[in-house]
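Remarks on the overall topology
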Amino acid sequence: MRIRRISGDERLTTSFPLQSYAFDRSPTEQAVSRHYREFLPYHSGNHTLVAEENGETLAAVSGIPMQQNVRGSVLPMVGVAGVATHPLARRRGLVRTLLNQLLEELRDDGNPVSVLYPFRSSFYARFGYVTLPQHRSATFAPDGLADLLRADLPGELRWRRIAEGYTDHRALTRRLLDERHGFAMFPEFRAVSLRDDRKWVVTAHVDGEVAGSLTYRIDDHLGELSGDTLLHTGPAGRALLLSFLARHADQVDRVKIGLLPEDTPELWADDFRVETKADVRSLGANAPMGRVLSLDGLDGIAAGPVAITIDVVDDRLLAGRYHLDGTGGTLAVDRGDAPAAASLTAAGLSALVYGVLDPLEITLRGLGTIPTEAAEALRDLFPAQRPYVFAEF
Ligand SMILES: CC(C)(COP(=O)(O)OP(=O)(O)OC[C@H]1O[C@@H](n2cnc3c(N)ncnc32)[C@H](O)[C@@H]1OP(=O)(O)O)[C@@H](O)C(=O)NCCC(=O)NCCS
């Protein structure tokens, strides 16, 4: 078995057929090759490794060069995707080998963090990933927002095909990337797949800036208006977008949209009958996961005013002793020789950095050994946060 990095047209005959078998419906040969060619440009910048034996591709993994806001700093991030093994070569350790190599290469290329959507979280927990909060969605009948039609809202709406509105939508996601912990953005080569999509986009403009954006489809007359995340920079942009949805009262039966973490739809109007849900029960509806690939690469992110020495254990990428010092207002990372006050697995450390588990929970979950005093220090160094992993386009 040999491992090789592939690129360009090679994808058509190596990684794509495996991914297609794993993730698509069984298609005819002709449909497959047309489909592959259309999607090739959206994969052009991916870092893809394949495992081959006797000229046959047995497994593939890809890293998408993304960006993510981690505690206020925008960092290079690896989005892991296209993980698939030939049905006759599964459970031979091929993906384990490929993924370890991919993460090592991309860590060495300067990516301190990685995010993915798992098919099963326990699989990626073995690779040091920790689960991050699942997105919530809201489902409601649009006439519940009718009051907004009578309100005098500052700003204006623009409604277009995504091909025409793409630049405004992308400008807003760029702004949110700078502002929101966890927010992630695809590279341009991949994000343009949205521009080529057949969705609608409605954007809210306030004081010359894009203050809100919603991409969506309508499945049928009197059916569902199905939106991606209702993106906004605050109440003005959000109210404009909601007033747009209210205008569909006689056109669709219901609206379903994704929510930013602070949005509480039951507060949007009186008598508003809305269901808000974070679904990790339905097949395929899994929460995102994240992991730190390099602690040194986190030097400079925001941190609380304490210092502590920790050991990171059982991890190929991170194992070692680190002195973490937040007394200057940002994190300074050094290799220390002082005795360690706590020991953490990669998943335990990742949970602290993303702010999703308390040190006590990390100990209870077996992701580290953290005595009480060290738990206090780690709580102050990495205050709890609620990351929102936006990984749409
Ligand atoms: C999931 C998949 C990629 C695993 O690939 P693989 O080459 O068989 O995986 P490996 O043999 O390298 O297994 C790595 C580890 O995960 C475990 N594992 C493998 N498949 C697993 C599964 N379905 N559930 C839980 N654990 C699994 C293995 O036991 C091994 O653990 P170990 O190293 O501690 O012994 C492969 O089964 C596949 O292609 N499935 C269909 C597509 C898919 O779901 N891809 C994932 C998208 S996120």
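Not measured: the values here are computed from a predicted model. (Residues numbered from 1 in each chain as written. Predicted model: local features only at pLDDT ≥ 70, side-chain atom pairs only at ≥ 80, totals over all residues. Heavy atoms only, no water.)

Concerning the nonpolar core
Judged by nonpolar contacts, the single largest core of 72 residues is most densely connected at Ile310 and Leu324. When neighbours within four sequence positions are excluded, Leu324 is seen to be in contact with Leu295, Val306, Ala307, Ile308, Ile310, Leu331, Ala332, Val333, Leu381 and Phe382. Ala239, Leu241, Leu245 and Trp268 belong to the second largest nonpolar core, which has 26 residues in total. (Core = buried A, V, L, I, M, F, W, Y, C linked by side-chain atoms within 4.5 Å. Buried < 20%, exposed > 50% of the residue type's maximum accessible area, 1.4 Å probe, protein only. Contact = heavy atoms within 4.5 Å.)

Some thoughts on the pattern of salt bridges
Counting across every chain of the model gives 24 salt bridges. Here Glu224 makes a salt bridge to Arg254, at a shortest N to O gap of 2.9 Å. With Glu224 in strand E12 (residues 224-229) and Arg254 in strand E14 (residues 254-259), the pair connects residues that are 30 residues apart, well separated along the chain. The class for Glu224 is buried, based on a relative accessible area of 16%. For the salt bridge of Arg291 with Asp315, the shortest nitrogen-to-oxygen distance reads 2.8 Å. Here Arg291 is found in strand E16 (residues 289-292), whereas its partner Asp315 is found in the loop between strand E17 (307-312) and strand E18 (320-325), with 24 residues between them in sequence. Neither Arg291 nor Asp315 differs from the other in exposure class; each is buried. (Salt bridge = Lys/Arg side-chain N within 4 Å of Asp/Glu carboxyl O. Helix = DSSP H or I, 4+ residues; strand = E, 2+ residues; numbered from the N terminus.)

Some thoughts on helix H10 (residues 346-354)
For H10, a buried count of nine out of nine residues is recorded, marking the element as mostly surrounded by other parts of the structure. When H10 is considered as a whole, its buried residues turn out to be Ala346, Ala347, Gly348, Leu349, Ser350, Ala351, Leu352, Val353 and Tyr354. Trailing H10 by a residue or two, Gly355 shows a phi angle of about 85°, which is positive.

Thoughts on the pairing of strand E5 (residues 113-116)
The alternating pattern of E5 places Val113 and Val115 on one face and Ser114 and Leu116 on the opposite face, and all of these are buried. Between the parallel pair strand E4 (residues 73-85) and E5, the chain is carried across by helix H4 (residues 94-108), and the sense of this crossover is right-handed. (Right-handed = clockwise from strand over helix to strand, strands pointing away.)

Quick look at the site of the ligand
As a structural note, the neighbourhood of the ligand is formed by 18 residues, with Val83, Arg91, Gly93, Arg96 and Arg126 the closest of them. Note that a nitrogen atom of the ligand is positioned 2.8 Å from one of the backbone N or O atoms of Val83. One nitrogen or oxygen atom from the main chain of Arg91 is found 2.6 Å from an oxygen atom belonging to the ligand. When the ligand is considered free in solution it has 910 Å² of accessible area, and contact with the protein chains removes 77% of it. Of all elements in the fold, only helix H2 (15-23), E4, H4 and helix H5 (121-125) reach the threshold of two or more residues within the shell around the ligand. Residues of the shell around the ligand, tallied by class, amount to 10 nonpolar, two polar and six charged. (Near = heavy atom within 4 Å. Polar contact = N/O pair within 3.5 Å; in protein donor to acceptor, adjacent residues only side chain to side chain. Areas by Shrake-Rupley, 256 points an atom, 1.4 Å probe, with all protein chains shown as cover. Nonpolar A, V, L, I, M, F, W, Y, C, P; charged D, E, K, R; others polar.)

Some remarks on the domain arrangement of the protein chain
For the protein chain, the domain assignment lists domain 1 (2-64 + 81-106), domain 2 (136-277) and domain 3 (294-381). Listed per partner, the contact involves seven residues of domain 1 and seven residues of domain 2. Taken together, the two surfaces of domain 1 and domain 2 that pack against each other cover about 560 Å², and 67% of this comes from carbon and sulfur. Contact with domain 2 buries surface across domain 1, with Tyr42, Gly45 and Ile64 losing the most and accounting together for 84% of the total. Among the residues making up the side of domain 1 that touches domain 2, the classes are represented as three nonpolar, four polar and no charged. (Domains from an automatic or database assignment. Buried area = accessible area lost by both parts, 1.4 Å probe.)

A short note on the packing of aromatic side chains
Tallied over the entire structure, the rule returns 15 aromatic pairs. Ring centres of Tyr124 and Phe127 lie 6.4 Å apart, and the angle between their planes is 45°; on these two criteria the pair is classed as tilted. By the burial criterion, Tyr124 is buried, and Phe127 matches it. Linked through ring pairs, Phe119, Phe123, Tyr124, Phe127 and Tyr129 together constitute an aromatic cluster. Its guanidinium or amino end placed over the ring of Trp200, Arg161 lies 3.9 Å from that ring's centre, counting from NZ or CZ. Positioned above the aromatic ring of Tyr166, the side-chain terminus of Arg195 is 6.0 Å from the ring centre. (Phe/Tyr/Trp six-rings, centres within 6.5 Å; stacked < 30°, edge-to-face > 60°. Lys NZ or Arg CZ within 6 Å of the ring centre and 35° of its normal.)

Remarks on the sheet that holds strand E21 (residues 368-369)
With mixed pairing, five strands are arranged side by side in an open sheet as E19-E18-E17-E20-E21. In this open sheet, the two strands that pair with only one neighbour each are strand E19 (332-334) and E21. Its contacts with the sheet place H10 against E17 and strand E20 (342-344), and it is angled at close to 100° to E20. On the sheet, helix H12 (residues 372-381) packs against E17, E18 and E20 and is oriented at approximately 105° with respect to E17. (Pairing = 2+ DSSP bridges. Axes fitted to C-alpha atoms, helices over the stretch in contact; angles between N-to-C directions.)

Section: the environment of Asp270
Structurally, Asp270 is set in the loop between E14 and strand E15 (274-277). With relative accessibility at 66%, the residue Asp270 sits in the exposed group. Distance from Asp270 to Val333, taken between C-alpha atoms, is 50 Å for residues 63 residues apart in sequence.

Here we look at the packing of helix H7 (residues 162-179) against helix H8 (residues 188-195)
Here H7 crosses H8 at 135°, and the two axes come no closer than 9 Å. Considering their axes alone, H7 and H8 lie oblique with respect to each other. As H7 runs across H8, the sense of the crossing is right-handed. Mapping the contact onto sequence places Ile162, Ala163, Tyr166, His169, Arg170 and Arg174 in H7 and Glu188, Ala191, Val192, Leu194 and Arg195 in H8. Of the residues belonging to the contact of H7 with H8, the class tally is six nonpolar, one polar and four charged. (Parallel < 35°, antiparallel > 145°, perpendicular 65-115°, else oblique. Left-handed = near helix turned anticlockwise from the far one by under 90°.)

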